[in-house]
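Architecture and fold: a report
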There are 2 protein chains.
Amino acid sequence: MATDSAWLAAAIALSRRTTGRTVPNPNVGCILIDSAGRVIGRGWTQPGGRPHAEAMALDEAGAAARGATAYVSLEPCAHESTRGPCCADLLIGAGVARVVIALTDPDPRTNGAGSARLRAAGIAVEAGLRADEARAAMAGFLTRQQHRRPAVTLKLAISLDGCIALADGTSQWITGAAARAHAHLERARHELILVGRGTIAADHPRLDVRLPGLADRAPRRCVLSQSGAAPEGWLAIERPEEIAGLPGDHLLIEGGAKTAAAFLEADLVDRLLLYRAPILIGGGKPCLTDIGLIDLTDAHGRWRLVDARTFAPDRLEVYERMRAG
Amino acid sequence: MATDSAWLAAAIALSRRTTGRTVPNPNVGCILIDSAGRVIGRGWTQPGGRPHAEAMALDEAGAAARGATAYVSLEPCAHESTRGPCCADLLIGAGVARVVIALTDPDPRTNGAGSARLRAAGIAVEAGLRADEARAAMAGFLTRQQHRRPAVTLKLAISLDGCIALADGTSQWITGAAARAHAHLERARHELILVGRGTIAADHPRLDVRLPGLADRAPRRCVLSQSGAAPEGWLAIERPEEIAGLPGDHLLIEGGAKTAAAFLEADLVDRLLLYRAPILIGGGKPCLTDIGLIDLTDAHGRWRLVDARTFAPDRLEVYERMRAG
C-alpha cells in the first residue's frame with residue numbers, strides 16, 4: 001500500500017497539469033483514496049481556476065468518498081466565492097475521514113482556516129509533507145501572493161562557452177530538435193512570454209507553441225521596450241519591474257542578452273532554464289550583457305541546481321534563485 | 001569470482017597511477033590472478049617507464065605466477081631493450097597460462113608481435129575487452145604514437161554564462177576550493193602545462209601542484225608566445241603546432257581565452273575539462289576568443305560528454321574530441 005508521501009506526490013503531479021492556466025487560482029492537485037487503498041477520485045484545478053481540484057475529485061468519487069482520505073497539494077480553501085462553495089465544506093459534506101495537505105495556503109483568506117474548519121467537523125488533518133515540491137509546482141501563485149508579480153523563468157540556449165549565436169548573429173541552431181521541443185513545452189506552461197525590442201527586430205519571433213495538440217497554448221506576448229513601442233497585439237513594459245501589472249502568474253523570458261541581463265540586474269528571475277549544446281563557438285555573442293555585478297563574491301550563493309536532463313545531444317539544467325524566507 | 005572484464009578494469013585502474021610519468025613508455029597496468037581467483041601480483045609502469053607493469057606484477061607473484069592469468073591494459077611488449085627483457089618473454093618464463101589484453105599495442109615494434117610470441121609459447125591470449133577504457137587511460141602514449149604530439153587537455157573554469165572573470169579581470173574565485181583542488185590533481189597527471197603570454201603578465205601563475213604529498217609533481221611550464229619570450233626555466237612555443245616538440249605526452253592548457261582559442265582553432269585539443277560554478281557574471285570576460293568558426297553546423301558533432309562530477313557547489317564536465325579513426 002502506498003504511503004501518504006507517495007499519494008501526495010501523485011496529487012502534486014496532477015497539479016502540474018494546468019500550470020499557467022488557473023489564474024487567479026493556484027493550480028492544485030487532489031487524489032482520493034478509499035480505506036482499501038484504491039484511487040476513487042482525482043482532480044486538478046481546471047483552466048480558468050474552476051472547478052477546484054477537490055470538487056473534481058469528489059465528483060468522480062461520488063458516494064465512495066465517505067470515509068476516504070483526501071491528498072491535496074494545497075490546503076483546501078475556506079473562503080466561499082460567488083463561483084462556488086469552499087472546498088473545506090465540500091470535503092466535510094462528502095464525509096471524507098482524513099485530509100493530508102502538502103502546503104498550507106498563504107492566501108490570508110484561508111491560511112490555516114481551511115484546516116481548522118475540517119478539524120472542527122471531526123476530520124483528521126495532517127500537513128507539511130512534500131511542502132517544497134508543492135511550493136515548486138505552484139510557484140506562480142505563490143510568487144504572486146508573496147511578491148505581487150508573476151514567477152519569472154529565464155530561458156537560455158547556449159554553447160558550452162556561453163554563446164547564443166555566432167558573432168554575426170547566426171543562432172540556427174545551437175540546440176537540437178529535442179531540446180527545442182522541450183522549450184516549446186515550457187512555453188505552454190506560461191501565460192506570458194517576453195522578449196526585448198532588439199530580438200523582435202532581429203528575429204521576428206512567433207513565440208508560439210509548435211507541438212501537436214498544444215498550438216492553442218501560446219502564451220501572451222510581451223516586449224520590454226524603453227520606448228513603449230510594441231507590435232500589434234503585444235503587451236509592452238518599459239522596465240522589468242512593470243511585470244507586476246501583467247496578466248498571468250508565469251512569465252517566460254526568451255531573449256536577448258540585454259533583456260535577460262535587465263531582469264537579472266533587477267533580481268526578477270526566479271528560475272533559469274539552461275539548454276546547453278555540446279559545441280564551442282568562440283568569440284560569439286554572449287548570453288548576457290552586464291548585470292551590474294561589481295564583486296565576484298556577490299555572484300555566489302544565488303543559484304541552486306534543481307534538475308538536470310538530457311535531450312541528446314544537449315543537456316538542460318534548471319536552476320532556482322535561492323531567496324531568504 | 002570476478003569476470004575477465006572486472007579484472008581488466010582493475011588493471012586499467014592500476015595503469016592510471018602513473019599517468020603523465022612514464023614517458024617514453026605507455027602507462028600500463030597488470031594484475032595476476034591464480035586459478036583460485038586470488039590476486040597474486042599487481043603492477044603498473046613505474047615513473048620513468050621502468051620497470052614495466054608486467055615485470056612488477058611477476059616480481060610480486062614469484063613462483064605463484066605459474067599457471068596464472070595475466071590481465072594487462074596493453075599488449076605485452078615483444079621488443080627487447082637495453083633496459084631489460086621484453087614482457088612477453090617475462091610472462092612466458094614465469095609460466096603464465098593465459099593473458100587477457102585490453103588493447104593491442106600500436107607501437108610498430110610490438111603491434112601483434114607480443115600476442116604472437118605468447119601464443120607460440122602455448123599461452124592462451126585474448127584481446128579487445130575494455131579497449132576504449134584502456135585507450136582513454138593511455139591517451140598520452142597513443143596520441144604520441146598516432147599524431148606525433150602530446151595529448152592536449154584544455155581546462156576552463158567558468159560561470160554558467162561562460163565567463164572566466166569579471167570585465168575588469170577579477171577571477172578569484174569563480175569555482176570553489178574542491179574544484180580547484182581537483183584541477184591541481186589534474187596538473188599532477190600532466191608532464192607539461194601551458195599558458196599564454198598574457199596570462200603570465202596578468203596573473204604570474206605558479207602552475208604548481210598545491211596538494212599534500214604531490215608538491216613534487218608540478219608539470220614543466222610552457223608559454224605560447226609569438227615573440228618566443230619566456231620566463232626563466234620555461235619552455236616556449238610560438239605556434240600551437242610546435243607542441244609536437246615538447247618533452248612529454250600530456251599537455252594541460254590553462255589559459256587565457258586567446259591561448260585556448262588558438263589551440264581549438266588548430267584542432268589540437270583532445271579533452272576539455274569544464275569546471276562550472278553556479279553563478280552568473282554577465283558581460284564578463286568570455287572563456288574563448290574567436291576560434292575561426294564560420295558555419296554553426298561545423299561546431300556540432302565534435303565533442304562528447306564522457307564524465308560529469310560534482311565538486312559542490314561546482315560541476316565538472318569532461319568532453320572528448322570525437323575524431324574519425
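Residues numbered from 1 in each chain as written. Chains lettered and ligands numbered in written order. Predicted model: local features only at pLDDT ≥ 70, side-chain atom pairs only at ≥ 80, totals over all residues. Heavy atoms only, no water.

1. Observations regarding the packing of aromatic side chains
Summed over all chains, the structure comprises 2 aromatic pairs over all chains. Pairing Trp7(A) with Tyr71(A) gives two aromatic rings, centres 6.5 Å apart and planes at 40°, and the pair type is tilted. Here Trp7(A), found in helix α1 (residues 4–15), pairs with Tyr71(A), found in strand β3 (residues 69–74); they are 64 residues apart in sequence, far enough to count as distant. There is no split in this pair, since Trp7(A) and Tyr71(A) are both buried. Over the aromatic face of Trp44(B) sits the side chain of Arg17(B), whose NZ or CZ is 4.4 Å from the ring centroid. Across the ring face of Trp173(B), the terminal group of Arg180(B) is positioned such that the distance to the ring centre comes to 3.8 Å. (Phe/Tyr/Trp six-rings, centres within 6.5 Å; stacked < 30°, edge-to-face > 60°. Helix = DSSP H or I, 4+ residues; strand = E, 2+ residues; numbered from the N terminus. Buried < 20%, exposed > 50% of the residue type's maximum accessible area, 1.4 Å probe, protein only. Lys NZ or Arg CZ within 6 Å of the ring centre and 35° of its normal.)

2. Details of the sheet that holds strand β10 (residues 235–237) of chain A
Residues and elements named next belong to chain A. Reading across from one edge, β10-β9-β8-β11-β6-β12-β15-β14 is the order of the 8 strands in this open sheet, with mixed pairing throughout. Because the sheet does not close on itself, it has two edges, and the strands there are β10 and β14 (303–311). Each strand of the sheet is rotated relative to its neighbour by a mean of 25°, with strand direction disregarded. In the sheet, strand β12 (residues 271–276) pairs with strand β15 (residues 314–321) via 6 bridges, with the strands oriented antiparallel. Among the inter-strand pairings, Arg 276 is bridged to a residue of β15, identified as Arg 315. Seen against the sheet, helix α7 (residues 177–188) touches β6 (151–158), β8 (192–196), β11 (250–255), β12, β14 and β15 and runs at an angle of roughly 160° to β12. (Pairing = 2+ DSSP bridges. Axes fitted to C-alpha atoms, helices over the stretch in contact; angles between N-to-C directions. Contact = heavy atoms within 4.5 Å.)

3. Here's the deal with the relation of the copies chain A and chain B
For these two chains of identical sequence, chain A goes onto chain B by a turn of 180° and a shift of 0.0 Å along the axis, with RMSD 0.0 Å. Both chain copies can therefore be described as sitting about a two-fold axis. By C-alpha distance to the rotation axis, the residue of chain A lying nearest is Gly162(A), at 2.1 Å. Mapped onto chain B, 100% of the interface residues of chain A are again interface residues, and the two copies thus contact each other with one and the same surface. (Least-squares fit on C-alpha atoms with pLDDT ≥ 70 in both.)

4. Things to note about unusual backbone geometry
Residue and element names in this part refer to chain A. Here the amide bond leading from Gln 172 into Trp 173 is cis, since omega sits at -10°, within 30 degrees of zero. As for its position among the elements, Trp 173 is in the loop between β7 (163–165) and α7. If you check the backbone angles, Arg 148 has positive phi at about 55° while not being a glycine. Examined against the element boundaries, Arg 148 turns out to sit in the loop between α6 (139–147) and β6. Accessibility expressed as a relative area gives 54% for Arg 148, which makes it exposed.

5. Thoughts on the interface of chain A and chain B
By a widespread convention, an interface's size corresponds to the accessible area lost as its parts come together. Counting residues at the interface gives 33 residues for chain A, matched by 33 residues for chain B. Roughly 2,900 Å² of surface becomes buried between chain A and chain B when both sides are summed, with 66% attributable to carbon and sulfur atoms. Its largest share of buried area at the contact with chain B, chain A owes to Leu160(A), Leu280(A) and Leu296(A), together 23% of the area lost on that side. Close ionic contact of Glu317(A) with Arg276(B) constitutes a salt bridge, the shortest N to O distance being 2.8 Å. (Buried area = accessible area lost by both parts, 1.4 Å probe. Salt bridge = Lys/Arg side-chain N within 4 Å of Asp/Glu carboxyl O.)

6. Points about the side chain of Ser225(B)
Residue and element names in this part refer to chain B. Here Ser 225 lies in the loop between β9 (220–224) and β10 (235–237). Within polar-contact distance, the side chain of Ser 225 engages the side chain of Ser 227 at 3.1 Å. Contacts of Ser 225, omitting those with residues within four sequence positions, involve Arg 197, Ile 237 and Glu 238. (Polar contact = N/O pair within 3.5 Å; in protein donor to acceptor, adjacent residues only side chain to side chain.)

7. Overview of the pairing of strand β6 (residues 151–159) of chain B
All names here are of chain B. When you tally the buried positions in β6, you get 9 out of 9 residues, the bulk of the element. By the alternation rule, side chains of β6 split into Ala 151, Thr 153, Lys 155, Ala 157 and Ser 159 and Val 152, Leu 154, Leu 156 and Ile 158, which are all buried. Bridge count between β6 and strand β11 (residues 250–255): 4 bridges; the pairing is parallel. Bridging from a neighbouring strand, Val 152 pairs with Leu 251 of β11.

8. Description of the domain arrangement of chain A
Residues and elements named next belong to chain A. Entries for chain A in the domain assignment read domain 1 (2–143) and domain 2 (150–321). Distance between the C-alpha centres of domain 1 and domain 2: 33 Å. Domain 1 puts 9 residues into the contact, and the matching count from domain 2 is 11 residues. Buried area between domain 1 and domain 2, both sides added, is near 810 Å², and the carbon and sulfur share of it is 55%. Among the residues of domain 1 in contact with domain 2, Gly 20, Val 23 and Gly 140 are the three that bury the most area, contributing 45% of the side total. (Domains from an automatic or database assignment.)

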